[in-house]
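# Tertiary structure, described
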Amino acid sequence: INLVLDQLVALSEDECLTKVGVALTQMGVHWFKALLDAENRHTRLYPPTRRLLWETIAKAGSAFAIGNPVQTPRIILSMLQDSGRVDLLSPLFEPRVMLERTVEFYTLVWESLPRNSPSLVLPILNKFDFKAWLNLSPPLAIRKRLLLMVGGVLRQTSWVDDGHNIGKTPTVHYNSAHLTSWTVFKFHRQLFYDICEANFQDHFHDVCRILIGAGVSQHSSRGETVSLPPGQMGIALHPEVWASFLELPDSCWESVSCNDLLEACDIFALHLKTIRSHGSGNSLHVCTQPG
């Protein structure tokens, strides 16, 4: 298998065979798919088989799957559906090669968050370069879609507990699962900040709704509505999210009209009034902590 694959890769890289390059690439992709289908939890139990499959999958993937618009979603889903494949396939996932499809790829990860552990999704999230994607000036609708998905992640109430506890207690008392979870939160908090900084005027009203816990549902790639657990009445976003909002540069705030700022004041005032009418002071207390 290795010898045949080596020859196939060498032929695909031969400049003298450009006329048959497409056919060779298709054959290489077929090999990649077949080898990946053959790899599973059972083949990993026998080291020689595992070694052969992982070596050939890595070789075929590097030559034919990286940057392939069809195989990239397959690589993402394969990792999300089987945590044992993350180490094998993460080197083959290079979303920077297809920056324009960044949100499409992220959506696949986002949809899996409710059912997958942070330790599984974190290596995949770290492959994304959202700043480079934002520099492409993507359409407003796609940016808004991403912002709402990020808001859905940040509105999970578990971040409040994990974040407050980790912030107040030496991290030595926390296992790797807590710290990995907190790292996923920080990834999305930074992404929230980057989106705001890049196009604050476009997203000002959506950002305000996210901060008070409204409008965090999003449509999945299959057209169905997917919502991560929303923030509950009286439970606020973690202070670090509010800090990201308040620490935006002056140029962002200057881009917002006076009328929009006054409307935002009314929205926040009504939100705090609603919280108090429900007999909860938690949200007001957390939102007004220093920072």
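It should be noted that the structure appears before, not after, this text.
Here is a short report on the structure shown in this document.

Here is what the cut-offs are and how they apply
Residues numbered from 1 in each chain as written. Predicted model: local features only at pLDDT ≥ 70, side-chain atom pairs only at ≥ 80, totals over all residues. Heavy atoms only, no water. Helix = DSSP H or I, 4+ residues; strand = E, 2+ residues; numbered from the N terminus. Buried < 20%, exposed > 50% of the residue type's maximum accessible area, 1.4 Å probe, protein only. Contact = heavy atoms within 4.5 Å. Areas by Shrake-Rupley, 256 points an atom, 1.4 Å probe, with all protein chains shown as cover. Core = buried A, V, L, I, M, F, W, Y, C linked by side-chain atoms within 4.5 Å. Salt bridge = Lys/Arg side-chain N within 4 Å of Asp/Glu carboxyl O. Polar contact = N/O pair within 3.5 Å; in protein donor to acceptor, adjacent residues only side chain to side chain. Disulfide = S-S within 2.5 Å. Phe/Tyr/Trp six-rings, centres within 6.5 Å; stacked < 30°, edge-to-face > 60°. Lys NZ or Arg CZ within 6 Å of the ring centre and 35° of its normal.

## Focus: the overall build of the protein
From N to C terminus, the protein includes 16 helices and 2 strands. By residue count, 46% of the 291 residues in the protein fall in the buried class. Of all intrachain contacts in the protein linking residues separated by at least 6 positions in sequence, the fraction that spans at least 24 positions is 77%. When the accessible surface of the protein is split by element, carbon and sulfur atoms take 55% of a total near 14,900 Å².

## Here's the deal with the nonpolar core
In this structure, Y106, L146, F192 and L211 are the most contacted members of the largest nonpolar core, which totals 72 residues. Each residue touching L146, except ones within four places of it in the same chain, is listed here: V103, Y106, F130, W133, L191 and I195.

## Some thoughts on the environment of L11
On the secondary structure map, L11 appears in helix α1 (residues 2–12). In this structure, the C-alpha to C-alpha distance between L11 and T25, residues 14 residues apart in sequence, is 9.7 Å.

## Some points on the pattern of salt bridges
Evaluated as defined, the whole model comprises 13 salt bridges. D82 is paired through a salt bridge with R41; the nearest N and O atoms lie 3.9 Å apart. Here D82, found in the loop between α4 (71–81) and α5 (86–89), pairs with R41, found in the loop between α2 (21–38) and α3 (47–65); they are 41 residues apart in sequence, far enough to count as distant.

## A closer look at the side chain of R143
By the element assignment, R143 lies in helix α9 (residues 140–154). For R143, a relative accessible area of 7% translates into the label buried. Polar side-chain contacts of R143 include one of 3.2 Å to the side chain of D202.

## Focus: the state of the cysteines
Tallied over the full model, the rule gives 0 disulfides. Unpaired in terms of disulfides, C252 finds its nearest cysteine sulfur in C196, a separation of 7.8 Å.

## So, the packing of aromatic side chains
Counting across every chain of the model gives 14 aromatic pairs. Centroid distance F130 to F187: 6.2 Å. Interplanar angle 70°. Geometry classified as edge-to-face. Residue F130 is found in helix α8 (residues 130–134), and its partner F187 is found in helix α11 (residues 176–198); the two are separated by 57 residues along the sequence. F130 sits in the buried class, given a relative accessible area of 6%. Under the relative-accessibility criterion, F187 is labelled buried at 17%. When the ring of W242 is compared with that of F268, the centres are 5.8 Å apart and the planes differ by 55°; the resulting orientation is tilted. Taken together, the residues W242 in helix α13 (residues 239–246) and F268 in helix α15 (residues 258–277) connect sequence positions 26 residues apart. A relative accessible area of 11% means that W242 is categorised as buried. Taken together, the ring pairs in this structure connect F93, F105, Y106, F128, F130 and F187 into an aromatic cluster. One residue, R50, lies across the ring of W54, its end atom 4.0 Å from the ring centre.

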